[in-house]
Amino acid sequence: QVHCVSHAPDGTRLASGSWETVRIWDLPTGQALHVLAGHKRWVLDVKFSPDGALLASASEDRTIRIWHVNTGACLERFVAGDYVRQVAWAPSGAFLVSAQGDGVVHLWDTRSVMV
């Protein structure tokens, strides 16, 4: 069951989130490029960074993961205080905002993982 989807800025890739898994798809071929495992519950949101190089995933497991789109590597894991409903990148890609189930909005510094 797919819970969320997001298009890459250049329109060539799509990300989807489901139970514990994020997939990155190549839109021209329809093939899954990467199956990203690591979350322990539902993935509630996925968003590509403004330059399309990174993907953020938000989960019921109270974590946000930052993935390298080309390699599928998990570059960073942020731990939130409650389940993470949604994420949004700043236009610069240097920060990520998350909305938690308990109503908290958090700003995460992603400059250390920018590629």
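Residues numbered from 1 in each chain as written. Predicted model: local features only at pLDDT ≥ 70, side-chain atom pairs only at ≥ 80, totals over all residues. Heavy atoms only, no water.

A.B. asks: Tell me about the side chain of Asp61, and please be specific about residues and values.
C.D. replies: By secondary structure assignment, the location of Asp61 is in the loop between β5 (54–59) and β6 (63–68). Despite being buried, Asp61 has no salt bridge partner; Arg65 is the closest side chain of opposite charge, sitting 5.1 Å away. Reaching out from Asp61, the side chain makes a polar contact with the side chain of His39 at a distance of 3.3 Å. Polar contacts involving the side chain of Asp61 include one to the side chain of Thr63, which spans 2.5 Å. If sequence neighbours within four positions are ignored, Asp61 has contacts with Gly38, His39, Lys40 and Arg41. (Helix = DSSP H or I, 4+ residues; strand = E, 2+ residues; numbered from the N terminus. Buried < 20%, exposed > 50% of the residue type's maximum accessible area, 1.4 Å probe, protein only. Lys, Arg positive; Asp, Glu negative; His and termini not counted. Salt bridge = Lys/Arg side-chain N within 4 Å of Asp/Glu carboxyl O. Polar contact = N/O pair within 3.5 Å; in protein donor to acceptor, adjacent residues only side chain to side chain. Contact = heavy atoms within 4.5 Å.)

A.B. asks: I'd like a rundown of the pattern of salt bridges, residues and numbers included.
C.D. replies: Where side chains of opposite charge bring their charged atoms close, a pairing between them can arise. The tally for this structure, following the rule as stated, stands at four salt bridges. In this structure, Asp45 and Lys47 form a salt bridge, with 2.9 Å as the shortest nitrogen-oxygen distance. Asp45 gets classed as buried once you look at its relative accessible area, which sits at 8%. By relative accessible area, Lys47 is classed as partly exposed at 25%.

A.B. asks: Tell me about the sheet that holds strand β8 (residues 84–89), residues and numbers included.
C.D. replies: One open sheet accounts for three strands, arranged β8-β9-β10; its pairing is antiparallel. Every other strand in the sheet has two partners, leaving β8 and β10 (105–109) as the edge strands with one partner each. Between one strand axis and the next, the sheet turns through 25 degrees on average, direction left out of account. For strand β9 (residues 95–100) and β10, the ladder comprises five bridges, and the chain directions are antiparallel. Bridged to Leu96 within β10 is Trp108. (Pairing = 2+ DSSP bridges. Axes fitted to C-alpha atoms, helices over the stretch in contact; angles between N-to-C directions.)

A.B. asks: How would you summarise the nonpolar core if you had to cite specific residues and measurements?
C.D. replies: With 13 residues, the main nonpolar core has Ile64, Ile66, Val87 and Leu96 as its most contacted residues. Within the residue set of this core, elements represented by two or more residues are β5, β6 and β8. When sequence neighbours within four positions are dropped, the list of residues in contact with Ile64 reads Ser57, Glu76, Arg77, Phe78, Val84, Val87, Leu96, Ser98 and Trp108. Among the nonpolar cores identified, the runner-up in size contains twelve residues, and Ala8, Ala15, Val22 and Val43 belong to it. (Core = buried A, V, L, I, M, F, W, Y, C linked by side-chain atoms within 4.5 Å.)

Treat this as a map of the structure, not an account of what it does.
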